[in-house]
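What the coordinates show
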Amino acid sequence: MIRGAIGSALIDSHAPTVADDCLLRNAWVCPEYVRTRAGDLAAATATHLRITLVSVVIGAVIALPLALLARRIRGLRAPVLGLSTAIYTIPSLALFSLLLPFTGLSQKTVVIGLVLYTLTILVRAVLAGLDGVPEEVRDAGRGMGYSERGLLWRVELPLALPVLIGGLRIATVSTVALTTIGTIVGYGGLGDLIATGLNSNFKAQVLTASVLCVILALVLDLLLVGLQRVLMPWRRAEAR
């Protein structure tokens, strides 16, 4: 009886728990996968976040002067908008493949491709925001003695902020999604986990990485909403 009890205890101690069983069953929702692969998930999320932020920041730095140039020289407006739109129509796989001979299998390939995609959204957002500033406001600024540069930075851009940040939000969320395509060159962040999970039919990995992508996009979007509130305190006063 004692031997039987000991044998039963040993068998029970090695029996899979409910958490372990979700890995054996290849379940979509599996807390044990998150626990055991927390390091891999954190590393992939950090890479995904870094690629997204670098791409959006570089895109914004390029888009602002490009939009201002297109606004100042009217003849450039249509070509700039047309070219940025044409780039956005190129499929991600094709664009990354075109960049490979120049940048190789590196993170630069992904970042350059994503920067080009953000230009379509950000250039249009800058132009739309500045075009939306009433002409009488500009006249008032000139009457107060502002130069064209002072008028741009002190009057036009502050008034265009809602549209600018709106474009930045769209560009950021779309970049989070597009970063996953970088897995074709080995730099897709969470996309790498999604791809390997699909290839091996590892359901928990596919779902967890996909959910983290959505969470990352939502967090970045909320941060940009908070940034808008900080940069536009008069909006809070109007709401009150």
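This text gives an overview of the structure that appears in the document. (Residues numbered from 1 in each chain as written. Predicted model: local features only at pLDDT ≥ 70, side-chain atom pairs only at ≥ 80, totals over all residues. Heavy atoms only, no water.)

Let's talk about the packing of aromatic side chains
Defined as follows: When two rings of Phe, Tyr or Trp (its six-membered ring) have centres within 6.5 Å they constitute a pair, described as stacked for plane angles under 30 degrees, edge-to-face for angles over 60, and tilted for the intermediate range. Strands here are runs of E lasting at least two residues and helices are runs of H or I lasting at least four, both read from the DSSP assignment and numbered beginning at the N terminus. The buried label goes to any residue with under 20% of its type's maximum accessible area, the exposed label to any with over 50%, and the partly exposed label to all in between, with areas taken from a 1.4 Å probe on protein chains only.
Tallying each qualifying case throughout the model produces 2 aromatic pairs. Measuring from ring centre to ring centre gives 5.2 Å for tyrosine 33 and phenylalanine 202, while their planes differ by 75°; the resulting arrangement is edge-to-face. Here tyrosine 33 is found in helix H3 (residues 31–36), whereas its partner phenylalanine 202 is found in the loop between helix H10 (190–200) and helix H11 (203–231), with 169 residues between them in sequence. An identical accessibility class is assigned to tyrosine 33 and phenylalanine 202; each is buried. Note on tyrosine 88 and tyrosine 117: the rings are 5.5 Å apart at their centroids and 85° apart in plane angle, and the pair reads as edge-to-face. With tyrosine 88 in helix H5 (residues 74–88) and tyrosine 117 in helix H7 (residues 107–131), the pair connects residues that are 29 residues apart, well separated along the chain. Look at tyrosine 117 and you get buried, because its relative accessible area is 4%.

Digging into the side chain of arginine 138
Let me state the cut-off plainly: In protein, a polar contact means a hydrogen-donor-capable atom and an acceptor-capable atom, both N or O and within 3.5 Å, with residues adjacent in sequence counting only if both atoms are side-chain atoms; elsewhere, any N or O pair within 3.5 Å suffices. Whether two residues are in contact is decided by their heavy atoms: any pair within 4.5 Å suffices.
For arginine 138, the location among the structural elements is in helix H8 (residues 135–143). There is a polar contact of 2.4 Å between the side chain of arginine 138 and the side chain of glutamate 156. Aside from chain neighbours lying at most four places away, what touches arginine 138 is Arg71, Leu130, Asp131, Val133, Leu151 and Glu156.

Describing the packing of H8 against helix H9 (residues 148–179)
The following threshold applies: In this analysis an axis means a line fitted to C-alpha atoms, helices contributing only their contacting stretch, and an angle means the value between N-to-C directions, from 0 to 180 degrees. In what follows, roughly perpendicular refers to angles from 65 to 115 degrees, roughly parallel to angles under 35, roughly antiparallel to angles over 145, and oblique to any angle outside these ranges. For any pair of crossing helices, the crossing counts as left-handed if the nearer helix is rotated counterclockwise from the farther one by less than a right angle, and right-handed if it is rotated clockwise. Put simply, Ala, Val, Leu, Ile, Met, Phe, Trp, Tyr, Cys and Pro go in the nonpolar bin, Asp, Glu, Lys and Arg in the charged bin, and everything else, Gly too, in the polar bin.
Contact geometry of H8 with H9 gives a least axis separation of 10 Å together with a crossing angle of 140°. By the angle class used here, H8 and H9 are oblique. Taken as a pair, H8 and H9 cross one another with a handedness that is right-handed. Here H8 contributes Val137, Arg138, Gly141 and Arg142 to the contact with H9, which in turn contributes Glu148, Leu151, Val155, Glu156 and Leu159. Its residues assigned to classes, the contact of H8 with H9 comprises 4 nonpolar, 1 polar and 4 charged.

Some points on H11
What counts is decided by this rule: Every helix has an expected span of 1.5 Å times one less than the residues it contains.
An ideal rise of 1.5 Å per residue puts 42 Å on 29 residues; H11 measures up with 42 Å between its terminal C-alpha atoms. Within the span of H11, buried status applies to Ala204, Gln205, Val206, Thr208, Ala209, Cys213, Leu216, Ala217, Leu220, Asp221, Leu224 and Gln228. The inward-facing, buried residues of H11 contact H3, helix H4 (38–72), H9 and H10.

Details of H4
Here H4 spans 51 Å end to end across 35 residues, near enough to the 51 Å set by a 1.5 Å rise per residue. Taken together, the buried positions of H4 are Leu41, Ala44, Thr47, His48, Ile51, Thr52, Ser55, Val56, Gly59, Ala63, Ala67 and Ala70. Next to the buried residues of H4 lie H3, H5, H7, H9, H10 and H11.

A closer look at the pattern of salt bridges
In plain terms, the rule: When a carboxyl oxygen of Asp or Glu is within 4 Å of a side-chain nitrogen of Lys or Arg, the pair counts as a salt bridge.
This structure, assessed with the given rule, holds 8 salt bridges. Arginine 25 is paired through a salt bridge with aspartate 21; the nearest N and O atoms lie 2.8 Å apart. In this structure, arginine 138 and glutamate 156 form a salt bridge, with 2.4 Å as the shortest nitrogen-oxygen distance. With arginine 138 in helix H8 and glutamate 156 in helix H9, the pair connects residues that are 18 residues apart, well separated along the chain. Judged on exposure class, the residue arginine 138 and its partner glutamate 156 are both buried. Each member of the salt-bridge network shares a partner with another, and the members are Arg71, Glu135, Arg138, Arg142 and Glu156.

Structural notes on the nonpolar core
Where we set the bar: Definition of nonpolar core: a set of buried residues of the types Ala, Val, Leu, Ile, Met, Phe, Trp, Tyr and Cys, connected through side-chain atoms within 4.5 Å.
Core analysis: the biggest nonpolar cluster contains 17 residues, and Val123 and Leu130 have the highest contact counts within it. Sort the elements by how many residues they give to this core and H7 lands first, with 7 residues. In this view, valine 123 contacts Ala63, Leu66, Ala67, Val80 and Leu81; residues no more than four positions away in its chain are not counted. Among the nonpolar cores identified, the runner-up in size contains 13 residues, and Ala27, Ala44, Leu190 and Ile194 belong to it.

Describing the layout of surface pockets
The following threshold applies: Cavity: a set of points on a 1 Å grid over the protein atoms alone where a 1.4 Å probe fits but cannot get out. Pocket: an open set with protein on both sides within 12 Å along at least five of seven lines, its lining residues, like those of a cavity, having an atom within 4 Å of a point. Grid points are joined across faces, edges and corners, and a volume is the space filled by probe spheres set on the points.
Within this model, the largest pocket holds a volume of roughly 510 Å³. What lines the largest pocket is a set of 23 residues, and nearest its centre among them are Ala60, Leu122, Leu164, Ile165 and Leu168. Elements supplying a minimum of two residues to the lining of the largest pocket: H4, H7, H9 and H11. No other element matches H9, which puts 8 residues into the lining of the largest pocket. Among the residues making up the lining of the largest pocket, the classes are represented as 22 nonpolar, 1 polar and no charged. By volume, the second largest pocket amounts to about 300 Å³.

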